[in-house]
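So the chains spell out like this:
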Amino acid sequence: MKVLTLMLLHPRRGTVILSSRPKWLVQFPLLALLSIGITLLIHSYLTQLTLAHLPSSATNLDKLSVEQMLHHELGLRCAFLPFRLLIGWISFTFTLYYICKVSRMQIPVRFTQLFSVEVYAETVMIFAQLAAALRISLFDGDHFSTPFPIPLGLDAFVHTHHNFVLLKILNSINLFTFWYLAIVICGVRALYKFRTFKSSVVVLTTWGISTMFNASVLWLLRDKFHFNI
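Since we're looking at a predicted model, the values are computed, not measured.

The rules behind these values
- Residues numbered from 1 in each chain as written.
- Predicted model: local features only at pLDDT ≥ 70, side-chain atom pairs only at ≥ 80, totals over all residues.
- Heavy atoms only, no water.
- Helix = DSSP H or I, 4+ residues; strand = E, 2+ residues; numbered from the N terminus.
- Buried < 20%, exposed > 50% of the residue type's maximum accessible area, 1.4 Å probe, protein only.
- Contact = heavy atoms within 4.5 Å.
- Areas by Shrake-Rupley, 256 points an atom, 1.4 Å probe, with all protein chains shown as cover.
- Polar contact = N/O pair within 3.5 Å; in protein donor to acceptor, adjacent residues only side chain to side chain.
- 1 Å grid on protein atoms, 1.4 Å probe; cavity = no way out; pocket = protein on both sides within 12 Å on 5 of 7 lines; lining within 4 Å.
- Points joined across faces, edges and corners; volume = space filled by probe spheres on them.
- Nonpolar A, V, L, I, M, F, W, Y, C, P; charged D, E, K, R; others polar.
- Axes fitted to C-alpha atoms, helices over the stretch in contact; angles between N-to-C directions.
- Left-handed = near helix turned anticlockwise from the far one by under 90°.
- Expected span 1.5 Å × (residues − 1).
- Phe/Tyr/Trp six-rings, centres within 6.5 Å; stacked < 30°, edge-to-face > 60°.

What follows is about the overall build of the protein. When its secondary structure is counted, the protein shows nine helices and zero strands. Each helix and strand of the protein, placed in order from N terminus to C terminus, yields the pattern α-α-α-α-α-α-α-α-α. Evaluated residue by residue, the protein yields a buried proportion of 43% over its 229 residues. Residue pairs at least 24 apart in sequence account for 66% of intrachain contacts in the protein once pairs closer than 6 positions are excluded. On the protein, roughly 13,300 Å² of surface is accessible, and the fraction owed to carbon and sulfur atoms is 68%.

Relative to the elements of secondary structure, valine 184 occurs in helix 8 (residues 175-192). Overall, valine 184 belongs to the buried group, its relative accessible area being 2%. When the C-alpha positions of valine 184 and valine 117 are compared, they lie 6.7 Å apart, and in sequence the two are 67 residues distant. Each residue touching valine 184, except ones within four places of it in the same chain, is listed here: Leu96, Val117, Glu118, Ala121 and Val203.

Next up on the list: the side chain of threonine 206. Mapped onto the elements of the fold, threonine 206 is located in helix 9 (residues 196-225). Separated by 2.8 Å, the side chain of threonine 206 and the backbone oxygen of valine 202 make a polar contact. Those residues in contact with threonine 206 that lie beyond four places of it in its chain are Phe92, Thr95, Leu96 and Ile99.

Even without glycine at this site, leucine 152 takes up a positive phi of about 65 degrees. Looking at where leucine 152 falls in the secondary structure, it is placed in the loop between helix 6 (111-138) and helix 7 (164-172). Even without being glycine, lysine 193 reaches a positive phi, approximately 60 degrees. Among the secondary structure elements, lysine 193 is positioned in the loop between helix 8 and helix 9.

Once that is clear, we can look at the environment of proline 149. One can find proline 149 in the loop between helix 6 and helix 7. Separated by 18 residues in sequence, proline 149 and leucine 167 place their C-alpha atoms 9.8 Å apart.

The volume enclosed by the second largest pocket comes to roughly 200 Å³. Taken together, Met1, Val3, Leu4, Lys23, Val26, Gln27, Leu30, Leu31, Leu34, Tyr120, Thr123 and Phe127 make up the lining of the second largest pocket. For the lining of the second largest pocket, the secondary structure elements donating two or more residues are helix 1 (2-9), helix 3 (24-41) and helix 6. A per-element tally of the lining of the second largest pocket places helix 3 first, with five residues. When its residues are assigned to classes, the lining of the second largest pocket shows nine nonpolar, two polar and one charged.

Next up on the list: the packing of helix 4 (residues 43-52) against helix 5 (residues 60-101). Axis separation between helix 4 and helix 5 bottoms out at 10 Å; the angle between their running directions is 145 degrees. The handedness of the crossing between helix 4 and helix 5 is right-handed. Contacts between helix 4 and helix 5 involve His43, Thr47, Gln48, Thr50 and Leu51 from the first element and Lys63, Val66, Glu67, Leu70, His71, Leu74 and Arg77 from the second. Residues of the contact of helix 4 with helix 5, tallied by class, amount to four nonpolar, five polar and three charged.

On to helix 3, then. With 18 residues, helix 3 extends 25 Å from end C-alpha to end C-alpha; this agrees with the ideal 26 Å at 1.5 Å per step. Along helix 3, the residues classified as buried are Gln27, Phe28, Leu31, Ala32, Ser35, Ile36, Ile38 and Thr39. Each element contacted by the buried residues of helix 3 is listed here: helix 1, helix 4, helix 5 and helix 6.

With that out of the way, let us pick up the packing of aromatic side chains. For the structure shown, the criterion picks out 11 aromatic pairs. A ring pair is formed by phenylalanine 28 and tryptophan 89, whose centres lie 5.7 Å apart and whose planes are at 90 degrees; its orientation type is edge-to-face. With a gap of 61 residues between them, phenylalanine 28 in helix 3 and tryptophan 89 in helix 5 connect regions that are remote in the sequence. When sorted by exposure, phenylalanine 28 lands in the same class as tryptophan 89, which is buried. Here the aromatic rings of phenylalanine 92 and tyrosine 180 are separated by 6.2 Å at their centres, their planes lie at 55 degrees, and the arrangement is tilted. Of this pair, phenylalanine 92 sits in helix 5 while tyrosine 180 sits in helix 8; the two residues are 88 residues apart in sequence, bridging distant segments of the chain. Accessibility classification places phenylalanine 92 together with tyrosine 180 in one group, the buried group. An aromatic cluster is built from Trp24, Phe28, Trp89, Phe94, Tyr97, Tyr98, Phe111 and Phe115, whose rings are joined through pairwise contacts.

Here it is, written out as structure tokens:
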């Protein structure tokens, strides 16, 4: 708990502790369990949202089939969610690790040290998911620009709902993301002894690559499945 508090509030001091004793195996299962809990919490909402966006030609039998399929897949999605999180976080850290490596680093840093910083920083993004789930439970989902809206995102300033992918990108730029990026930037600075500007550049570059990759995948899925949310 002490390391987590330091990483959230004083990430440079927290990173110093993690650099000597990388222990992401402690934090990761907790975040995975929280993420599974959020998935279960919002399952009913996402199911109703999916049914509401079926083609107008869909019959009641079609809707029932889709609903049953979503219910049957819930357990499988929850079971594989920790692996999906692990793959995503490792991929981000791997990209960041090699961008730092080609940035003329002078101090050798182990991958596990950087990955530990990433896992603890992801706690903030779990907070963001919890905030989104709370927002859904308190307000009418029809008023949201995206299906799973993290509060305080840039999408709140856009008045069109036609470009779903753009709205998802804008929603990903929020106060929680700024907090997450600040932690990673401080972590990179503490590990590699980079200046603040250089640490910011490598982290923001990595985050930009990750965001554009996710947006590209979402765009392809939208075209393939004709998403029109």
